[in-house]
Amino acid sequence: AIEENGATLNGKVNPKGSAVSVCRFEYGTTAAYGAVLPCTPGSLGTGGFNVGVSVALDRLEGGTTYHYRVNASSVNGSSQGADRTFTTTGVPACPNADRRLEQGILAIQLPDCMALEQVSPPVKGSQRAASPTISDDGQRVSFKSLAALAGTPGNVDAINGDRYVSTLGEDGWVPAPTSPPAPYATGWDSGLFFARSFDPSLTRWVALASAEEGPQFNLGIAQLFRGELGGVLDPISPLLDPIDPSVGAGTVRDAVLQGASADLRRLLLAPGELNATYLPGDPVPSPGSDRSVYLAQPDAFGSPSIKLLTRDETGSDASKVWGGRCGARIGDISGGSTLRNQGAVSLDGSRIYFSTRPSQVADLNCTTANKLRIMERTEAAGAAEIVHLIPGDGVGECARAVAPLCKNEAELNGDDFYQGASVDQSKVYLATNRQLADSDLDGTAAECSNFAAVAGCDLYLYDAAKPAGERLIQISAGEVAPTHPVPGEGANVYNGTVAISGDGSHVYFAATGVLAPDPNPEGKTADQYPTADPKLYTWDTDSEEVRFVGVLNSADLSLWGGQGTFLNYAYPVPATGKDGSGTEVGGRGDILVFQTKAQLTNSDTDGAFLDTFRYVGSSAPPTLVCVSCKPGGPDSEAIATIIRGPDLQVIDTAGTAFAEENRWVSEDGRTILIRTFQALVPSDVNGTRNDYLWQEGKLTLLPGTDPPASLLAATGDYAPVISHDGLLVAFTAFPKLLPSDVDTSSDVYVARPGGGYPFPPAPVICVDETCPDPPQQRPGEVGAGSEIAPSKGNVVSKPSDKRCPKGKRKVTKNGKVSCVKKKPAKMKGAAKQRAKHNQGGQK
């Protein structure tokens, strides 16, 4: 059954009286094979006669010769058949077929004519490369390594490794360091910065650095810089020398980056010490309150400057510090672990949403009796103005004709929790227990919570595009449904919105209330589940209706009480969106890819383990698919399915860029990366964790992504990432996948349609006196090794490598090498006659 892209292999196995524990076909483009599939049937009995076995192959290249053999094992040992070959019909279909055939079966099994390319340098001083991130245009890949390039600044982060950026070139990926150049001694630390460093293009980044000389280095005082490819380092802030009465000035400091403009010229940061300030006269945050937040940016003359974010500079409140000693949060960064700041900083940095307690008396310690409110800071002509986004004093959106009024602080003195905003900042989502709309009927004095569904907590949209007085919409009012006869009460929303689309038109949220009557794509309704179960809903600005997606698991706290869109295993796409000029406007996000332990579909039969699902609300009817469920259900020996996206705690882009950080879903939602211990395809036979590429129901096992047992616990550092268009996949590979990989450590590879580079020629090693040139290395290896990073890239001079000048030959005596004059060679017969004749003919 040989075809253009498939074939059926056949063999025979004789158990010889013992059960066959393993029966597999090995196949590949050479006798080294490289791919395996289990035999059919799976059980061969214990007889003493031949049993026919077979396997069907697909994803083969046309017009290509393949090798195969069958091997089997039992308690008596292992046996393997002879090497056989077959040739598929047709001709190779991919334009890069030569590269794919050269790379072998690992590349041929990749979809869409993908081929492998090595991104990290072939020699890294035996230090692994890992944790890739892809730029928004797919032309650059960032990775971490302790020693990726010799002769460049390094070891800024001696534990996690420094960041390098490789750029796609005609002859391969060209790596460059991002560590600050001399004379700067330190760079950013992933813990101090929440690892937010790069812009989406991976051409600019933020560094916290200190000069090697001068008093600031000895005192640990640093400065914020904006770095670029090519080694440019521009100061953004003055020296960060915090004033901290409790600790004292002049001790080692750090800074926490909380947001940035798109060009990284406006940076929002907080001192590493909770109660520290950078400028004299600023209020010192009370113990247990939020940090002071500062805005660092070049001033009108281009010099670095810094100012307190919460200080108003215009109007009647000029010089007032909003929140006093309560500090501030960018968007709503609460508890030191929540990064819910989507849309909190405009692309140009001129508008910032932050949360504080504006009614706090300036000179007194911060108290939670003064409630959190969302503030809007705008800056024009160098002066900042700060106002309430939603006033609580009976004006603006709260000046309604009918009760209840949101100015009634005595009854509804709750906090407003920022959830996220659209790219243009016109739509802001918030969770609150204040009654901000007439549709809200269940006010309560209880606080909203990330960890529990609190009665009276609701989700609101503030839409600045609507007329005044109509801008507040109670999203969680819901529809008339069983157990919910009166919309506007009993929603019980979690403070932790699951996801918000880039343009703000779609929101996905969790609540325990029954807010929609219609069934989800699986035919289940919200009222079929216990009242305490968290339920996933969606709402959009077009229909202004709530839809039920499915019930969640009570253990899914990272989802419904999580850190915000893209950080809590929920990904709305399309996410970025561009207008005609290429300006980012945000995508509609009508597709949600998310992870839950709940069994949402009939295909999810592996128990209450974490799985990945895709919900498409724009289709008619909406669809819900389990991406990580094993086709046909689990087998009897299935390991618990544990799906992971990339390490969402490690973020490599600065500010509030949408969906640029460790992306694991393509913009069209058709391609998704998953990680699991479950063998989802027959070729996954290693019994450990692997990464998969899912494309509209078809799974591809990424090669070499199963880590050694010693690294298995590091689930995030080695997660794969995908480009916007889904065509470029970057991943950490532990074995050598290409001949260019000549060291023993892990490397970062990409799989790219139409990609692949010719193998470099084998190195020419000559020791004979006739060698015309000194020993050569593979292209790309020159300079990779150094004395401080010993590796195979180094050329070490040995006595046996000594070369003699022309006319002399090398002689070794007593372990010493010397050059002596060559003796004329003795000639005999015809050769001697020719030499004599030639000599006679010369003048």
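The structure under discussion appears in the preceding block.
Given the structure is predicted, the values throughout are model-derived calculations rather than measurements.

(A) Main features of the pairing of strand β37 (residues 690-695). Among the 6 residues in β37, 6 count as buried, and that is most of the element. With burial as the criterion, each face of β37 is covered, one bearing N690, Y692 and W694 and the other bearing D691, L693 and Q695. Here strand β36 (residues 671-676) runs beside β37; their pairing, made up of 6 bridges, is antiparallel. Within β37, the residue paired with T676 across the bridge is N690. Examined bridge by bridge, β37 and strand β38 (residues 698-701) share 4 bridges and lie antiparallel to one another. For L693, the partnering residue across the bridge sits in β38 and is T700. Where β37 hands over to β38, the hairpin turn is made up of 2 residues, of which E696 adopts a positive phi near 45°.

(B) Examining the sheet that holds strand β26 (residues 458-463) more closely. Read from one edge to the other, the open sheet built from 4 strands follows the order β24-β25-β26-β27, with strand pairing classed as antiparallel. Every other strand in the sheet has two partners, leaving β24 (416-421) and β27 (472-474) as the edge strands with one partner each. Adjacent strand axes in the sheet meet at a mean angle of 30°, parallel and antiparallel pairs treated alike. The sheet contact formed by strand β25 (residues 427-432) and β26 spans 6 bridges and is antiparallel. Across the sheet, A431 pairs through a bridge with L459, a residue of β26.

(C) View of the pattern of salt bridges. Scanning all chains against the criterion turns up 23 salt bridges. A salt bridge links D332 to R340; the shortest N-O distance between them is 3.6 Å. Judged by its relative accessible area of 1%, D332 is buried.

(D) The state of the cysteines, seen in detail. Inspection of every chain in the model, using the stated rule, returns 5 disulfides. Note on cysteine connectivity: C326 is disulfide-linked to C366, with sulfurs 2.0 Å apart. Disulfide C326-C366: the torsion about the S-S bond is 105°, which places it as right-handed. Here C326, found in the loop between β19 (304-308) and β20 (329-330), pairs with C366, found in the loop between β21 (351-356) and β22 (373-380); they are 40 residues apart in sequence, far enough to count as distant. Among the residues examined, C326 registers a relative accessible area of 2% and is labelled buried. On the basis of relative accessibility, which here comes to 21%, the residue C366 falls in the partly exposed class. The disulfide partner of C448 is C457, and the S-S distance across this bridge is 2.1 Å. Judged by the torsion about the S-S bond (110°), the C448/C457 disulfide is right-handed. Like C448, the residue C457 is buried in the burial classification.

Each value, and the rule that gives it
Residues numbered from 1 in each chain as written. Predicted model: local features only at pLDDT ≥ 70, side-chain atom pairs only at ≥ 80, totals over all residues. Heavy atoms only, no water. Buried < 20%, exposed > 50% of the residue type's maximum accessible area, 1.4 Å probe, protein only. Helix = DSSP H or I, 4+ residues; strand = E, 2+ residues; numbered from the N terminus. Pairing = 2+ DSSP bridges. Axes fitted to C-alpha atoms, helices over the stretch in contact; angles between N-to-C directions. Salt bridge = Lys/Arg side-chain N within 4 Å of Asp/Glu carboxyl O. Disulfide = S-S within 2.5 Å.

Coordinates in, geometry out; function isn't part of it.
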